[in-house]
Amino acid sequence: MDVERTALPGIGLQHVFTTAKGRRIGAISHRDGRRDLLVYDRVDPDTCVLTVPLTVEEANALAELLGSARIVERLTELHRQVEGLVSSQIPIAAGSPYDGRTLGDAQIRTRTGASIVAVVRDGNVVASPRPDFGFQARDIVVVVGTAEGTAAAGDVLATG
Amino acid sequence: MTGQLIELGAIILALGLLGAVSVRFSISPIPLYLLAGLAFGSGGILPLTTSEEFVSLGAEVGVILLLFTLGLEYTPDELVATLRTSAPVGLADLALNAAPGAIAAILLGWGPVAAVALAGVTCVTSSGITAKVIGDLGWLGNRETPAVLSVLVFEDLAMAAYLPILTALLAGAGLLGGTLTLLIAAGTISVILFVALRHGTIVERFVASPSQEVLLLKVLGLTVLVAGLAQQLQVSAAVGAFLVGIAVSGPLAHDARQLIAPLRDLFAAVFFVFFGLHTDPTELPPVVGIAALLAVAGILTKSATGWLAARRAGVAATGRLRAGTALVPRGEFNIVIAGLAVTAGGDSRLGPLAAAYVLILAVAGPLLARAAEPFAHAVRMRRSTAGS
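Nothing here was measured: the structure is a model prediction, and the numbers come from that model.

## As for the overall build of chain A
Okay, so step 1: The helix and strand tally for chain A stands at 5 helices and 9 strands.
Okay, so step 2: Computed over the C-alpha atoms, the radius of gyration of chain A is 21 Å, more than 25% above the 15 Å expected from 2.2 N^0.38 for a compact globule of 160 residues.
Okay, so step 3: In terms of overall dimensions, chain A has C-alpha extents of about 60 × 35 × 20 Å along its principal axes.
Okay, so step 4: Expressed as a percentage of the 160 residues in chain A, the buried residues total 34%.
Okay, so step 5: Taking as baseline every contact in chain A between residues at least 6 positions apart, the subset at least 24 positions apart corresponds to 43%.
Okay, so step 6: In the structure as shown, chain A presents an accessible area of about 9,300 Å², 54% of it carried by carbon and sulfur atoms.

## Focus on a nonpolar patch on the surface
All names here are of chain B.
Okay, so step 1: A cluster of nonpolar side chains, namely V113, I165, L169 and L182, defines an oily patch on the protein surface of about 260 Å² accessible area.
Okay, so step 2: Mapped onto the fold, L169 is located in helix α7 (residues 145-170).
Okay, so step 3: By relative accessible area, L169 is classed as partly exposed at 35%.

## A word on the pattern of salt bridges
Okay, so step 1: This structure, assessed with the given rule, holds 12 salt bridges over all chains.
Okay, so step 2: Residue D105 of chain A is joined to R101 of chain A by a salt bridge in which the shortest nitrogen-to-oxygen separation is 3.6 Å.
Okay, so step 3: Linked by salt bridges that have partners in common, D93, E155 and K302 of chain B make up one network.

## Some words on helix α14 (residues 332-343) of chain B
Residues and elements named next belong to chain B.
Okay, so step 1: For α14, with 12 residues, the first-to-last C-alpha span of 16 Å sits near the 16 Å given by 1.5 Å per residue.
Okay, so step 2: Across the 12 residues that make up α14, a large majority, 9, are buried.
Okay, so step 3: Of the residues trailing α14, G345 is marked for its positive phi of about 90°.

## Overview of the sheet that holds strand β9 (residues 140-145) of chain A
Residue and element names in this part refer to chain A.
Okay, so step 1: Taking strand neighbours across the sheet as the criterion, the 4 strands line up as β6-β9-β7-β8 in an open arrangement whose pairing is antiparallel. Edge positions in the open sheet fall to β6 (86-91) and β8 (124-127), since each of these has one partner strand only. Along the sheet, successive strands turn relative to each other by an average axial angle of 25°, direction set aside.
Okay, so step 2: Summarising the sheet, strand β7 (residues 115-121) and β9 pair through 5 bridges and their orientation is antiparallel. Its bridge partner being in β9, V120 is matched across the sheet by I140.
Okay, so step 3: Here helix α5 (residues 147-159) sits on the sheet and contacts β6 and β9; the angle it forms with β6, its principal contact strand, is near 10°.

## Focus on the sheet that holds strand β2 (residues 12-18) of chain A
Two pairing modes exist for strands in a sheet, parallel and antiparallel, and in both the strands are linked by backbone hydrogen bonds.
Residues and elements named next belong to chain A.
Okay, so step 1: Strand order in this open sheet of 5 strands is β1-β2-β3-β4-β5, and the pairing throughout is antiparallel. Taken across any chain shown, the strands that pair with only one partner, and hence form the sheet edges, are β1 (4-8) and β5 (48-54). Across the sheet, the axes of successive neighbouring strands diverge by a mean angle of 20°, strand direction being ignored.
Okay, so step 2: As judged from the 7 bridges shared by β2 and strand β3 (residues 24-30), these two strands associate in the antiparallel manner. Bridge pairing links F17 to I25 in β3.

What counts as what
Residues numbered from 1 in each chain as written. Chains lettered and ligands numbered in written order. Predicted model: local features only at pLDDT ≥ 70, side-chain atom pairs only at ≥ 80, totals over all residues. Heavy atoms only, no water. Helix = DSSP H or I, 4+ residues; strand = E, 2+ residues; numbered from the N terminus. Rg over C-alpha atoms; globule rule 2.2 N^0.38 Å. Buried < 20%, exposed > 50% of the residue type's maximum accessible area, 1.4 Å probe, protein only. Contact = heavy atoms within 4.5 Å. Areas by Shrake-Rupley, 256 points an atom, 1.4 Å probe, with all protein chains shown as cover. Patch = residues over 30% accessible without salt bridge, like charges linked within 9 Å, V, L, I, M, F, W, Y side chains within 5 Å. Salt bridge = Lys/Arg side-chain N within 4 Å of Asp/Glu carboxyl O. Expected span 1.5 Å × (residues − 1). Pairing = 2+ DSSP bridges. Axes fitted to C-alpha atoms, helices over the stretch in contact; angles between N-to-C directions.

Okay, here's the thing in structure tokens:
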């Protein structure tokens, strides 16, 4: 895959490439951190038919979606493939007894049989968190197990 | 004193209302500001009496800030890279677009100095309006856009060489005196460019401050001071400010641009009014015909430039047409050049001619750009039906 890099004087940098299916897409990195998502015409490779301006956060979110956050997507797939296995995303509420305590303290696997496979914090995915991982309010805990196991894990994280 | 405040407030409020109109219709405010200046000026419908002094100083600061923020847009590396890669197209652009102005001035019998000034007036594309057109029409990602931006950068660089020459010529310096002034100018520019390119960090370290207030005052003070010194050395204040802008780059340039932008908007608007003030509207009708002819020539020559630049970048016909129309708008710097010429005692018809020329092309340019793609489409359709 060849990524063409072009300087835009006074604006920033432009990166464009052609996908396997023949579509040209790219991005402009403005000097102040903004990004423009570019989609080119099917027939005329000179003409950009769609420009989506993105703020820094939006660009990061999009990169996450296209990159590491695919772990959640893969889990959902796994869930579909294996009969009887459920993955569930449990938020840590502000009043949760585990806000500020570690993953090891919750003893989820021992108490419910379900496993914590990832934690999503501020849009970033922490895959396979270790027992000393500290929970914070607004974390989203991804749990895999049986339907009963994941429901029990939800209760544990909400009420202790 | 109270009269001054009333007039000043009225001018700025009027500019604000005109600015609102330009935002509403998504057009450049420059032609509206010029018209306002014409209305306020001598022979206009609302002649100003007391606030001329402030407007005149404000106009000078406006030119300095326009050029300073222009310099901020580019890093020294970008300028060097553009010089290396785009010199052929850039030189073609200068030759094609300076010619109509120079020829017109000579045919009108205005003399060689006016020819140099008018060449500058017809040549420079308004980077402000063009950037807005490219953004508004979603052309930023198009393949011809880097070529268009390079032409703009090249023109801005050329202006750094052109303005001191014009200043020296306008000062009526003889051959010896003129050569001396040009040598001083070249020396000054080389020193500032050398500091900017090799020791830009020194300037940045001097200016940088965590306090926005301190940063604003330092940046503004340094810019106006260097501009004043450049003027003292006959180099033209505008070029001094442009070079300071180039010397400041990186995150500091970003902060400086945000801080200076509101001031620039205010003083640049004052500058356009000032120019309008010094242009007698009754002198407009005799030059409108010439301005229209020059505008038609300017549209054709800029389209040729854009076509060449885009073709060199390997872009097909539609993109070449877009590049050409994007370069058509003229605006702030054409007026800056005409303003220099008029205040230095050049031919007084130069002012109204430049005003009419910019009024036409600042409005026609963005309209042409909007028409470029439908036009290219129509031509393609006609060709395909003619072919079948």
